[in-house]
Amino acid sequence: MNDAKRKAGEQLPLVFTHDAATGRDDLLISDRLSAAVTIVDAWPQWPSPVVILAGPVGSGKSHLASIWKEHSGAQSIHPKSGSNAAVAAAAGPVLFEDVDREGFDDTALFHVINSVRENGHSLMMTSRLWPMSWPVELPDLRSRLKAATVVEIGEPDEELLSQVIVKLFSDRQLNIDDKLVFYIVNRMERSLNAAQTIVERLDRLAWSRGTKITRAMAAEVLNELGNSGPVD
């Protein structure tokens with residue numbers, strides 16, 4: 001594969017690495033994403049100043065957050081003790097990603113939400129868990145979170161994963177048989193990140209061996225990733 005084709009192959013939809021395409025036009029929209037896409041597109045006419053995108057790893061939260069950040073000019077924050085997160089929230093829209101993994105200080109997040117409300121700005125947060133499962137001890141913060149708009153993003157279904165895999169291979173100038181796509185989708189982890197990893201590894205493996213991508217090769221990659229699925 002020449003450098004031009006490799007460069008084209010790196011422009012991937014719904015991929016979350018450091019060089020990923022994160023534009024609005026890169027989205028493959030399915031029912032599981034429609035509510036989240038609608039809320040991103042509706043900004044700044046949000047139903048509440050605080051929006052939380054909740055969904056599993058690889059569901060598209062980071063991609064949507066990146067789109068919203070670029071569109072709104074939001075600043076990334078981490079509400080922890082001693083941070084200037086509330087000051088940033090008073091100045092404009094703010095984004096707090098991976099809430100459940102990064103953690104936060106109750107009082108700091110409470111002040112961020114108050115700053116957003118008082119100054120007419122917006123706060124988007126992303127999390128694998130719904131806010132009711134966050135380790136919140138401050139009653140006032142719990143009350144603020146109950147007033148937030150929570151949008152759930154479900155795991156990708158088989159149809160979307162198939163579309164993503166075909167698109168990922170197409171971007172790399174590779175054609176793949178529908179039966180092989182079906183084989184991969186029914187054995188892989190249900191995430192968009194997994195789709196990217198599988199396609200990248202298959203591309204590299206086929207390139208190194210100088211052969212086309214086969215079912216045996218797909219099985220090899222899936223086994224390496226622990227996604228062998230049912231044996232038939």
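A.B. asks: Got a minute to help me understand the packing of helix α8 (residues 158-171) against helix α10 (residues 192-209) in this structure?
C.D. replies: In helix packing, the relevant descriptors are the interaxial angle and the interaxial distance, both defined with respect to the helix axes. Where α8 meets α10, the closest approach of the two axes is 10 Å, and the angle between their N-to-C directions is 35°. In the packing of α8 onto α10, the handedness of the crossing is right-handed. Each of Leu161, Val164, Ile165, Leu168 and Phe169 in α8 lies in contact with α10, whose residues at this interface are Leu192, Ala195, Gln196, Val199 and Leu202. For the contact of α8 with α10, a count of residues per class yields 9 nonpolar, 1 polar and no charged.

A.B. asks: Hey, could you run me through the nonpolar core in this one?
C.D. replies: A general feature of soluble globular proteins is that nonpolar side chains tend to end up buried together. Counting residues in each nonpolar core, the largest one holds 27 residues, and the members touching the most others are Ile165, Ile184, Met188 and Leu202. Breaking this core down by element, the ones donating at least two residues are α8, α9 (178-185), α10 and α11 (215-224). The biggest single contributor to this core is α10, with 8 residues. Listed in part, the 22 residues of the second largest apolar core include Val50, Ala89, Val112 and Trp134.

A.B. asks: Honestly, the environment of Val112 in this entry has me stumped. Any pointers?
C.D. replies: Structurally, the position occupied by Val112 is in helix α6 (residues 106-119). The spatial distance from the C-alpha of Val112 to the C-alpha of Ala86 is 4.3 Å, given a sequence separation of 26 residues.

A.B. asks: Teacher, can you tell me more about α9 here?
C.D. replies: Side chains three or four residues apart in an α-helix point the same way, a direct result of the helix having 3.6 residues per turn. All buried positions along α9 are accounted for by Leu180, Val181, Tyr183, Ile184 and Val185. Among the structural elements, α8, α10 and α11 are those in contact with the buried residues of α9. Capping of α9 at its N-terminal end is provided by Asp177; its side-chain oxygen lies 2.8 Å from the backbone amide nitrogen of Lys179.

A.B. asks: How should I be thinking about the pairing of strand β4 (residues 123-127) in this particular structure?
C.D. replies: Regular strands show a simple pattern: their side chains alternate between the two faces of the sheet. Counting buried residues in β4 gives 5 out of 5 residues, a clear majority hidden from the surface. Residues of β4 alternate between two faces, with Leu123, Met125 and Ser127 on one and Met124 and Thr126 on the opposite face, all of them buried. Where strand β1 (residues 50-54) lies against β4, 5 bridges are found, and the strand directions are parallel. Paired with Leu53 across the two strands is Thr126, which belongs to β4.

A.B. asks: Mind showing me how you'd approach the packing of aromatic side chains here?
C.D. replies: Two descriptors summarise a pair of aromatic rings, namely the distance from one centre to the other and the angle between the planes of the rings. Taken as a whole, this structure holds 3 aromatic pairs when the rule is applied. Geometrically, the ring pair formed by Trp43 and Trp68 is edge-to-face, given 6.2 Å between the ring centres and 85° between the ring planes. Taken as a pair, Trp43 in the loop between α2 (31-42) and β1 and Trp68 in helix α3 (residues 61-72) lie far apart in primary sequence, 25 residues in all. Comparing Trp43 with Trp68, the two get one shared label, buried. One aromatic cluster is present, built from ring pairs that chain together Trp43, Trp46 and Trp68.

A.B. asks: Got a minute to help me understand the packing of α8 against α9 in this structure?
C.D. replies: At their nearest, the axes of α8 and α9 sit 10 Å apart, and the two run at 125° to each other. Classified by the interaxial angle, the pair formed by α8 and α9 is oblique. The interaxial crossing formed by α8 with α9 has right-handed handedness. Contact residues: Glu158, Leu161, Ser162, Ile165 and Val166 in α8; Val181, Ile184 and Val185 in α9. In the contact of α8 with α9, the residues fall into 6 nonpolar, 1 polar and 1 charged.

A.B. asks: Would you mind showing me how to read the environment of Ala65 here?
C.D. replies: Mapped onto the elements of the fold, Ala65 is located in helix α3. For Ala65, a relative accessible area of 0% gives the class buried. Sequence-wise, Ala65 and Met124 are 59 residues apart; in three dimensions their C-alpha atoms are separated by 7.6 Å. For Ala65, the residues in contact, after removing those within four places along its chain, are Leu95, Glu97, Met124 and Thr126.

What counts as what
Residues numbered from 1 in each chain as written. Predicted model: local features only at pLDDT ≥ 70, side-chain atom pairs only at ≥ 80, totals over all residues. Heavy atoms only, no water. Axes fitted to C-alpha atoms, helices over the stretch in contact; angles between N-to-C directions. Helix = DSSP H or I, 4+ residues; strand = E, 2+ residues; numbered from the N terminus. Left-handed = near helix turned anticlockwise from the far one by under 90°. Contact = heavy atoms within 4.5 Å. Nonpolar A, V, L, I, M, F, W, Y, C, P; charged D, E, K, R; others polar. Core = buried A, V, L, I, M, F, W, Y, C linked by side-chain atoms within 4.5 Å. Buried < 20%, exposed > 50% of the residue type's maximum accessible area, 1.4 Å probe, protein only. Polar contact = N/O pair within 3.5 Å; in protein donor to acceptor, adjacent residues only side chain to side chain. Pairing = 2+ DSSP bridges. Phe/Tyr/Trp six-rings, centres within 6.5 Å; stacked < 30°, edge-to-face > 60°. Parallel < 35°, antiparallel > 145°, perpendicular 65-115°, else oblique.

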